[in-house]
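One-letter residues, chain by chain:
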Amino acid sequence: MELYNKDTESEWQRIVTAVERHRAAPYRLPISSTMQAVLDPLVERLVREQQSGKRLLLDAGCGTAYSTCLLAEHHPDMLVVGIDRSLVRLRKAPPLPANALICRARLEEFWLLAHQAGILFERTYLLYPNPYPKRWQLGRRWYGHPIFPTILATTRSLELRTNQQWYAHHFCIALAACSWHYRCMPHAGDQPLTPFERKYLARGELCWIVEAWQK
Ligand SMILES: C[S@@+](CC[C@H](N)C(=O)[O-])C[C@H]1O[C@@H](n2cnc3c(N)ncnc32)[C@H](O)[C@@H]1O
């Protein structure tokens, strides 16, 4: 059986080619009326908060919103928005602090509408995104997805966490192709920020943190 080698030069080239293609052609996605109805009030609220000087954090793919709560507690002066498409997970959310809110939505549509509305997050957290590990799934991973340039355009800085070293490495390749600064480090192994992180650390797995910011 031929194994997918994720660390070849051709893989690096494939990621750069995908990112450059996505940067050259803005992502066009028809937004359903259902999604528009969910997202319009959220985006309007975020615009109002931003105009009043409130700084915004995005927990993208927040799952059960455990991290949304922790981030809101750590940053009481900011508004933290958790978004996830899974109602099953969001229903398990703990009571939210006043400076946190959660919304069930698809992130692709949210990022497009947030960008159109001029929203700029202080930091976007991508905490343990689905890795989609098969070679043909590059376009589903956030860094290979057509929405990637819009993710970067809507935030001053970004934090990715993953238990897949290759994913962190590929993410850094995509960031470099967009001229972003980044640093990649292993997780210290303490104080899990999310349920997935807690599970991986409890198993003794190494987790990776990529911090990135605009040049
Ligand atoms: C592996 S889980 C991680 C959840 C949480 N961040 C954690 O670390 O515990 C990935 C989450 O991303 C959400 N997700 C994946 N793709 C999404 C999309 N396109 N829009 C919204 N949520 C998405 C899934 O529903 C799931 O809850």
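Right above here is the structure, for reference.
What you are looking at is a predicted structure, and each value in this text was computed from that prediction instead of being measured.

S.K.: I keep staring at the site of the ligand and nothing clicks. Help me out?
M.R.: Surrounding the ligand, one finds 18 residues, the nearest of these being Gly61, Asp84, Arg89, Leu127 and Thr194. The side chain of Arg89 places a nitrogen or oxygen atom 2.7 Å from an oxygen atom of the ligand. At 3.0 Å from a nitrogen atom of the ligand is found a main-chain nitrogen or oxygen belonging to Leu107. Alone, the ligand offers 590 Å² of accessible surface; in the complex the protein occludes 93% of this. If you list the elements that add at least two residues to the shell around the ligand, you get α5 (107–116) and α8 (195–202). Partitioned by chemical class, the residues of the shell around the ligand number eight nonpolar, five polar and five charged.

S.K.: Mind showing me how you'd approach helix α2 (residues 33–51) here?
M.R.: Each full turn of the α-helix corresponds to 3.6 residues, which orients residues three or four apart in the same direction. If you check α2, its first and last C-alpha atoms are 26 Å apart, about what 19 residues at 1.5 Å a residue would give, namely 27 Å. Its axis deflected by about 30° at Leu39, α2 carries its strongest bend there, up to four residues before the proline Pro41. Residues of α2 that are buried: Met35, Leu39, Leu42, Val43, Leu46, Val47 and Glu49. The secondary structure elements touched by the buried residues of α2 are β1 (55–60), β2 (78–84), β3 (100–104) and α5. Two residues or fewer after α2 comes Gly53, characterised by a positive phi angle close to 95°.

What counts, and at which threshold
Residues numbered from 1 in each chain as written. Predicted model: local features only at pLDDT ≥ 70, side-chain atom pairs only at ≥ 80, totals over all residues. Heavy atoms only, no water. Near = heavy atom within 4 Å. Polar contact = N/O pair within 3.5 Å; in protein donor to acceptor, adjacent residues only side chain to side chain. Areas by Shrake-Rupley, 256 points an atom, 1.4 Å probe, with all protein chains shown as cover. Helix = DSSP H or I, 4+ residues; strand = E, 2+ residues; numbered from the N terminus. Nonpolar A, V, L, I, M, F, W, Y, C, P; charged D, E, K, R; others polar. Expected span 1.5 Å × (residues − 1). Bend = angle between axes of the 7 residues up to and from the residue. Buried < 20%, exposed > 50% of the residue type's maximum accessible area, 1.4 Å probe, protein only. Contact = heavy atoms within 4.5 Å.

These figures come from the coordinates and say nothing about function on their own.
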